[in-house]
Amino acid sequence: MSGVNLVGVTKMYGQVKALDHVSIDVCEGELLALLGPSGCGKTTLLRCVAGLERPDRGTVEIGEADMTAVPTRDRPIGMVFQNYALFPNLTVRQNIAFPLEVRHRPRRAISARVDELLDLVHLTEQANRYPKQISGGQAQRCALGRALAPNPEVLLLDEPLSALDALVRGRLRDEIRRVQQLVGITAIYVTHDQSEAMAIADRVAVMNSGRVEQIAAPADLYEMPATQFSAKFVGSRNAVELAVRDGRVGIPGSFHIDAPAGSNGHALAFFRPEDVVVSRGDAGRGMEARVELKVFLGATTRLHLVGDADGQPIAIFGDLPSRQARLIDEGETVRVDVDPDHVHAFPI
Amino acid sequence: MAMNAAQAPTAARSGSGRRMSRAAKYLFFGAALAYFCVPMAAVLLYSLATRWTANILPDGYTLQWWQATVADQRIQSAFSTSISLATLTAIIDIAVVVPAAYWSRVRNAGIRPVVEVAAAVPFALPYVVIAFGLMQFSGVVAPQYQGTFVLLVAGHAAIAFPFVYWAVDGAMAAAGIERLSETAEACGASPFQTLRRVVLPNISPGLVTGGLLSFAASFGEFAMAQIIGRGLDTVPLWSAEMIRSYTDTAGSYNRLAVVTLLTFAVLFVLSALVVYWNRGQTVRLLPGGGANTEGVRR
Amino acid sequence: MKMATLSRPYVKIGGLESAGGSASPSPLARMRGWLAAWLPAIPLLLLVSTCLIAPVVVLIWQSFTGMGETGLSLDLWFKVLGQRANQDAIATSLFLAAACATVTLIIGAPLAWMISRMLRGSRAFWLGLLNVAANFGGIGLAFAYMATIGSVGMLTLMVQGLGLPFEAPREGSLPALLMAYEYTNIPLFVLLTIPAMSILRDDWWEAAQVAAATRLVFWRRIGVPILAPFLMAGWLLIFTWTLGIYGIAYGLAGQSGATAVHLITLQIGSALQSDVLFGPGRAAILAVVLMVFATTSLILYRVMLRRAMRWL
């Protein structure tokens, strides 16, 4: 087993920079998620590791070996595709056996290895079915088995869950994580879903327009987004533009924090709806705000709040446990407070 | 991703291999292009030649055949017969197919299998066979129509209707015509309003494609014209007479060359329109699905 | 589902219907329901039944009765199928159709593959070109063939001009017909198979590469097995199609007079024009023979397509 080192990988499509000097080290046995919106270059980066794309500049190393010029078929990788890419004319068993047969392994060894993999991905019963005859989740497990069959050093997963429905998605996500840890293989996992990335990865690399914005463990990313983009992408729904006064920014009656370095008159403050504290009557503290709308979401209820910051209306989302929110009416005036530790401000 | 399908299979090959296969590809397509164009060039030269004996190129060039052919009354009337024949065929086919296809989608699904079997007939059976059968049948039922324009129009409409049906039915499927007409009804539109303001505008690509294809099919059709259109003069019938005139003294081959080019030009315009209307995509499915037929004709 | 109510206007309401009330709707109402369901399709059905179905039925009938004079018999069949020229025509037609379809497959399949992987612009260009060629048939094509590689065609003269001892095949001979037919058959085949080519997904090739397969292995194990039934279906379609070609053959065979090959379609045509005695009867039998071949082939085509779709 070995890690993956990407150094200064750059890829152009005509005038568009799909990848702009991307450097990432994926450690041995680690699962790294590449997270970003569509078109951010995450899939292109994965395909560069696979050798399905050739970077214009930069190097791709797997283990200690430079793989930049090595064709896909000679790279020690396994890959799971977004739409399964199972060969429709081969059964589940034959699909998993395919990479082994191509390598001319002895027949008995192939058979034993395939049995082992069928067991690993729980497809023993469906072994003789054709891809058309199995469900999407089963198809993707078969693809996982096929990718792992030749004992690759690196496993590449390209949005493996995006073609599946929500229920299957969560189960298969945990299943992929289980198998990856069991095998102890280095893995790169492309996704546009932040909760999926957080749930499965050891570290998450947030990508935006061909560049890596931040690489961090899920919890760190969640608590300390390093850039505006990271903050927005990992779910800080509140983005409030605030004026800088005496090197500080804040909401009247609530938090005040140091203005971020480089801010010039205004700053953008991010915080999560669940970190907003809403209280009724005079007892509470914070800024006065009107409840414009209540949206019942099940366990929580989201309040659309409009407050006043020095004559400028500011809109804030606040999540409350639904039982608590029941006591608040639309149109009521409440107090809104945010713990300054949970606010991340960036210069505009 | 900016990756496109055409590049993907070749993305990971070594430079020299890619150059080699690209050269082979250009050669292949060059040959294909020549294959399509050389016969046309030969016909063009023929139409411009004074005399063409044993040299690679004609002995001299002239526009006299073009002038003579365009001025020839018989050719003019053959073209006018063929054009009216093809136009009527297209109009009749659209007029009978659209209601049937529409009804099979919104009211009576039982129409579809019947029409699909019928649409397979001109495919399974050579036009010679159909034409001959039609001649015999009309001899029994309505002998007075034999050899008339009317019978030929009916015959052409019958063999060309599948083109219109597949085009129109495909367009209806693409437009989701069931939903559209339900919506129109829900908005209070009368059936006629629904047809005119909702159905027809939304299937116009299919109408145009189907109309053009049936026009082309009728315009160049020979077997049926020869068998049941005796006494008529269509462009293919005139051409057949010319090609069988073994003595090339009166310049009949040169005039045939002009007419062939004119026919070719008609086809060219028609298929350019078809491709344009379908935005470079292949459109219809053949009986049984899985394949496309862009204007098939014998 | 409005149909259900339309065809069942008779509704039993409580006990108002007397015991004598029949359980089926009145003939008039049933008629009205049927009309509502079928009326818009009637013009088309009329056209199809008079100009396609009835003629075929008449032909089959006549092939057994010989113009209705002798009653049902197989005499005419024996007589016609016993004739050397007709046997020849049947064998040659089948052979020519098979040869044409095979050549078409060999050239057309790679062409279809390449065009299917083109960018939209150039694909539109090729589709347009193919469409014209596929439509260009009949006498015009026969003439274009003569002008190109006929005995005094442009290419013939060019090759001879280079001093090579080249004899163009006679216009009415098999090789000449084959070459002329291919002009429309290959484009037709390509147009028919391009949609099937898009079934082969690019990520299968990528997955195969990841699995360490070479291009050759990919085609042998994945590409060809998936495409083969579609290509076979295309072969059958071209086969059926070629059997029925008349115009090109008529134009070319006319050039060679008596030395021209015999084809079923040509025999039908000439029987109609010359054979006064039992021409129509003979033509009817040959037409039915052609019908049988074409129908069988089209049925096989459908079987093939169903097989092609089994994995998809």
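Rules and cut-offs
- Residues numbered from 1 in each chain as written.
- Chains lettered and ligands numbered in written order.
- Predicted model: local features only at pLDDT ≥ 70, side-chain atom pairs only at ≥ 80, totals over all residues.
- Helix = DSSP H or I, 4+ residues; strand = E, 2+ residues; numbered from the N terminus.
- Buried ≥ 20, exposed ≤ 12 C-beta atoms within 10 Å, placed from the backbone.
- Contact = placed C-beta atoms within 7 Å.
- Domains from an automatic or database assignment.
- Pairing = 2+ DSSP bridges.
- Axes fitted to C-alpha atoms, helices over the stretch in contact; angles between N-to-C directions.
- Nonpolar A, V, L, I, M, F, W, Y, C, P; charged D, E, K, R; others polar.
- Parallel < 35°, antiparallel > 145°, perpendicular 65-115°, else oblique.
- Left-handed = near helix turned anticlockwise from the far one by under 90°.

Novice: Looking at this structure, I do not really get the overall build of chain A. What am I missing?
Specialist: Helices and strands together make up the secondary structure of chain A, namely 9 helices and 20 strands. Each of the 348 residues in chain A was classed as buried or not, and the buried ones make up 45%. Excluding contacts between residues fewer than 6 apart, the proportion of contacts in chain A whose partners are at least 24 apart in sequence is 66%.

Novice: Sorry if this is basic, but what is going on with the domain arrangement of chain C here?
Specialist: Often, the extent of an interface is quoted as the loss of accessible area upon association of its parts. Residues and elements named next belong to chain C. Along its sequence, chain C is carved into domain 1 (26–65) and domain 2 (76–311). Between the C-alpha centres of domain 1 and domain 2 the distance comes to 34 Å. Counting from both sides, the interface comprises 4 residues of domain 1 and, opposite them, 6 residues of domain 2.

Novice: For this particular structure, what's the right way to read the sheet that holds strand β5 (residues 65–66) of chain A?
Specialist: Note: strands within a sheet are paired through backbone hydrogen bonds, in either parallel or antiparallel orientation. All names here are of chain A. Across the sheet, which stays open at both edges, the 4 strands sit in the order β2-β1-β4-β5 with antiparallel pairing between neighbours. Each edge of the open sheet carries a strand with a single partner, namely β2 (16–26) and β5. Where strand β4 (residues 57–62) lies against β5, 2 bridges are found, and the strand directions are antiparallel. Bridge pairing in β5 links E61 to D66. Against the sheet, helix α1 (residues 42–50) makes contact with β1 (4–13), β2 and β4, and its axis sits at roughly 120° relative to β1, the strand it touches most.

Novice: So what exactly am I meant to see when it comes to the domain arrangement of chain A here?
Specialist: Entries for chain A in the domain assignment read domain 1 (4–229) and domain 2 (239–347). Centre-to-centre separation of domain 1 of chain A and domain 2 of chain A, based on C-alpha positions: 40 Å.

Novice: Explain the interface of chain B and chain C to me, please; I cannot follow it from the model alone.
Specialist: At the interface, 87 residues of chain B touch 91 residues of chain C. Sort the elements by how many residues they give to the side of chain B that touches chain C and helix α12 (residues 252–277) of chain B lands first, with 11 residues. A breakdown of the residues in the side of chain B that touches chain C according to their chemical character gives 62 nonpolar, 19 polar and 6 charged.

Novice: What should I look at first to understand the environment of R171 of chain A in this one?
Specialist: With respect to the helices and strands, the residue R171 of chain A is situated in helix α5 (residues 166–183). Sequence-wise, R171 of chain A and L32 of chain A are 139 residues apart; in three dimensions their C-alpha atoms are separated by 19 Å.

Novice: So what exactly am I meant to see when it comes to the packing of helix α5 (residues 84–116) of chain C against helix α11 (residues 215–243) of chain C here?
Specialist: Each pair of packed helices gets described by two things: the angle between the helix axes and the distance between those axes. All names here are of chain C. For the pair α5 and α11, the least separation of the axes is 8 Å and the interaxial angle reads 140°. When the axes of α5 and α11 are compared, the pair comes out oblique. Between α5 and α11 lies a crossing of right-handed hand. Residues S93, L96, A97, A98, C100, A101, T104, L105 and A109 of α5 form the contact with α11, whose participating residues are L231, G234, W235, I238, F239, T242 and L243. A breakdown of the residues in the contact of α5 with α11 according to their chemical character gives 12 nonpolar, 4 polar and no charged.

Novice: Explanation requested: the sheet that holds strand β17 (residues 300–309) of chain A in the structure shown.
Specialist: Residues and elements named next belong to chain A. Pairing within the open sheet is antiparallel, and its 5 strands lie in the order β15-β19-β16-β17-β18. In the strand order of this sheet, the two ends are held by β15 (276–279) and β18 (312–321), each with one partner. Geometrically, the sheet is characterised by an average inter-axis angle of 40° between neighbouring strands, direction not taken into account.

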